[in-house]
Amino acid sequence: MAAAIAEGAGEGAVLLTAAESMPALLLGAEGFVFVCPENLGTMSGHMKEMFDRCYYPLLGRVEGRPYATAISAGSDGTGACSQIDRIVTGWRLRRMAEPLIVNLGAQTPEQIRSEKTVSEHDLGLCRDLGSAFAEGLRMGIF
């Protein structure tokens, strides 16, 4: 999903894993699209660790920048989205799009343990999100 969002955003996009996301890199960004799976009703541990590491160094330094979220989930996705929204409220970021939640429908133990595949339709929604985000930045809309 993150790769599709970056593809849609084009050459100006920088795709980073949560582990690669350091305060200095994030400080240089015009906006953010946070992408993660929902695990047990919350954002992934890697994403939480990134926020733990970057929150205070960016506090008071990124106000007003736009953000969006894309969450892959077995059924709901709103828990992870809500956590991210609460955290970035402290950064004073502005949501620029409705949350993109891709429901992969993994409900049985076998489905939960199996490798997941995001449909081409949902990847198209990811590319559209990236494109809209980049275009909004380019046009100065946000």
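The structure this text deals with has already been given above.
## Considering the packing of helix α3 (residues 45-58) against helix α4 (residues 78-91)
Remark: α3 packs on α4, axes separated minimally by 9 Å, with the N-to-C direction vectors making an angle of 20°. Here α3 is positioned roughly parallel relative to α4, judged by the angle of their axes. The hand of the α3/α4 crossing is left-handed. On α4, the residues touching Phe51, Cys54, Tyr55 and Leu58 of α3 are Ile84, Ile87, Val88, Gly90 and Trp91.

## Some details on the packing of aromatic side chains
Tallying each qualifying case throughout the model produces eight aromatic pairs. Between the aromatic rings of Phe32 and Trp91, the centroid separation amounts to 6.4 Å while the plane-to-plane angle is 40°, which identifies the pairing as tilted. Of the two residues, Phe32 sits in strand β1 (residues 32-39) while Trp91 sits in helix α4, which places them 59 residues apart along the sequence. Exposure class is identical for Phe32 and Trp91. Each is buried. Between Phe51 and Trp91, the aromatic rings sit 5.7 Å apart at their centres with planes inclined by 55°, giving tilted as the arrangement. Here Trp91 lies in helix α4 and Phe51 lies in helix α3, a separation of 40 residues in the sequence. Pairwise contacts between aromatic rings join Phe32, Phe34, Phe51, Tyr55, Tyr56, Tyr67 and Trp91 into one cluster.

## Quick look at helix α1 (residues 2-9)
Taken together, the buried positions of α1 are Ala4, Ile5 and Ala6. Lining the buried residues of α1 we find β1, β3 (66-73) and α6 (120-139). Taken from the residues just after α1, Gly10 is the one with a positive phi, measuring 90°.

## Here we look at a nonpolar patch on the surface
A grouping of Val14, Leu16, Met22 and Leu25 is seen on the molecular surface, where their side chains present a nonpolar patch of about 360 Å² in accessible area. On the secondary structure map, Val14 appears in the loop between α1 and α2 (23-27).

Calculation rules
Residue numbers restart at each chain and count upward from 1, following the sequence in its written direction. Where local features are concerned, this predicted model is filtered to residues with pLDDT of at least 70; where side-chain atom pairs are given and counted, the filter is 80 or more; whole-chain, interface and lining totals use all residues. Excluding hydrogens and water, the side-chain figures rest on all heavy atoms present in the structure. An axis is simply a line fitted to the C-alpha atoms; with a helix, the fit covers only the stretch in contact. Between two such axes, the angle follows the N-to-C directions and lies from 0 to 180 degrees. Under the scheme used here, helices are H or I runs from DSSP no shorter than 4 residues and strands are E runs no shorter than 2 residues, and both carry numbers assigned from the N terminus. Here the word oblique covers every angle except those under 35 degrees (roughly parallel), over 145 (roughly antiparallel) and from 65 to 115 (roughly perpendicular). Should the near helix be turned counterclockwise from the far one by less than a right angle, the crossing is left-handed, whereas a clockwise turn marks it as right-handed. Contacts were defined at the residue level, with two residues in contact if any of their heavy atoms lie within 4.5 Å. Only rings of Phe, Tyr and Trp enter the pairing, Trp through its six-membered ring, and a pair is recorded when the two centres are within 6.5 Å. The plane angle decides the type: under 30 degrees is stacked, over 60 is edge-to-face, the rest tilted. Think of it in three bands: with a 1.4 Å probe and only protein chains considered, a residue is buried below 20% of the maximum accessible area for its type, exposed above 50%, and partly exposed in between. What makes a patch is a set of residues exposed beyond 30% relative accessible area and free of salt bridges, joined within 9 Å when like-charged and within 5 Å when nonpolar (Val, Leu, Ile, Met, Phe, Trp, Tyr). Surface accessibility follows the Shrake-Rupley procedure with a 1.4 Å probe radius. Residue values consider only the protein chains on display as shielding. Salt bridges, as used here, are contacts in which a Lys or Arg side-chain nitrogen is within 4 Å of a carboxyl oxygen on Asp or Glu.

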